Amino acid sequence: MLLQPPGGGRPYRFDTGALCLELLTTGGPGMYARHEVLHDPAALLEWVRRSRLAPGLEGVLSVRQEDVRDARTVRDALLRLTLARAHGEALAAADLAVINTAAAEPPLVTRIASDGTRAWAPGATGPGLLSTVARDAVELLTGPFAARVRECAAHNCYLLFVDTSRPGRRRWCAMERCGTREKVRAHRTRGDTA
């Protein structure tokens, strides 16, 4: 996913490691509200276009304003759950209920197109989209990478990702952004104390 830093700067590639975590880049409650972008169906469709679900889904997916509200509810619950997982805290029952309710809906359906590529079945809806995201969250939070949900180690970055690296030592949302900045910062700090 290509992210634009707040306040400008060069866009950078951020691999969340999971579809459900891509939804967290759209804002959230509390301090995340200043990054809110899910205001209308067009904004939700824009997120879909940028997500790993694309290509082709935006051509068959229809979303309504209430789907945007529900997407924000699922995203906020998912944010709290993944933050809890990243910090070794208990998962809140209310947030689990939100994810489980969304996951219980029929998901988006894929199919093979005549040219052999992946396509989406017609009639895709907002609830199907949220079910697909919620099912991905269930897989993440109960699967082999559940203990590898991380928050970026930079002092002022709060992006969450799944560390899918073989050694399991990923610390940054993106090396080209936070990793480099933190290494330069540490180098300057060492230089100041020398």
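A short tour of the structure in this document, coming up. (Residues numbered from 1 in each chain as written. Predicted model: local features only at pLDDT ≥ 70, side-chain atom pairs only at ≥ 80, totals over all residues. Heavy atoms only, no water.)

**Quick notes on the overall build of the protein chain**
Okay, so step 1: The helix and strand inventory of the protein chain stands at six helices and eight strands.
Okay, so step 2: Counting helices and strands in the order they occur from the N terminus, the protein chain gives β-β-α-α-β-α-α-β-β-β-α-β-β-α.
Okay, so step 3: Over its C-alpha trace the protein chain gives a radius of gyration of 18 Å, about what one expects of a compact globule, namely 16 Å for 194 residues.
Okay, so step 4: Counting only C-alpha atoms, the protein chain reaches 65 × 40 × 35 Å along its principal axes. (Helix = DSSP H or I, 4+ residues; strand = E, 2+ residues; numbered from the N terminus. Rg over C-alpha atoms; globule rule 2.2 N^0.38 Å.)

**Here we look at helix 3 (residues 65-86)**
Okay, so step 1: For helix 3, spanning 22 residues, the distance from its first C-alpha to its last is 31 Å, which sits close to the expected 32 Å at 1.5 Å a residue.
Okay, so step 2: Positive backbone phi, at 70°, marks glycine 88, one or two positions downstream of helix 3. (Expected span 1.5 Å × (residues − 1).)

**With respect to the packing of aromatic side chains**
Okay, so step 1: The full count for this structure, using the stated rule, is zero aromatic pairs.
Okay, so step 2: Residue placement shows arginine 170 over the ring face of phenylalanine 161; its charged tip is 3.9 Å from the ring centre. (Phe/Tyr/Trp six-rings, centres within 6.5 Å; stacked < 30°, edge-to-face > 60°. Lys NZ or Arg CZ within 6 Å of the ring centre and 35° of its normal.)

**Quick word on the environment of proline 107**
Okay, so step 1: For proline 107, the position within the fold is in the loop between helix 4 (93-103) and strand 4 (110-112).
Okay, so step 2: Residues proline 107 and arginine 188, spaced 81 residues apart in sequence, show a C-alpha to C-alpha distance of 50 Å.
Okay, so step 3: Contacts of proline 107, omitting those with residues within four sequence positions, involve Gly128, Ser131, Thr132 and Arg135. (Contact = heavy atoms within 4.5 Å.)

**Focus: the side chain of aspartate 76**
Okay, so step 1: With respect to the helices and strands, aspartate 76 occurs in helix 3.
Okay, so step 2: Under the relative-accessibility criterion, aspartate 76 is labelled buried at 16%.
Okay, so step 3: Those residues in contact with aspartate 76 that lie beyond four places of it in its chain are Gly28 and Pro29. (Buried < 20%, exposed > 50% of the residue type's maximum accessible area, 1.4 Å probe, protein only.)

**What to know about the side chain of serine 51**
Okay, so step 1: Tracing the chain through its elements places serine 51 in the loop between helix 2 (41-50) and strand 3 (61-62).
Okay, so step 2: Given a relative accessible area of 6%, serine 51 falls into the buried group.
Okay, so step 3: Not counting residues up to four positions away in its chain, the partners in contact with serine 51 are Met1, Leu19 and Glu22.

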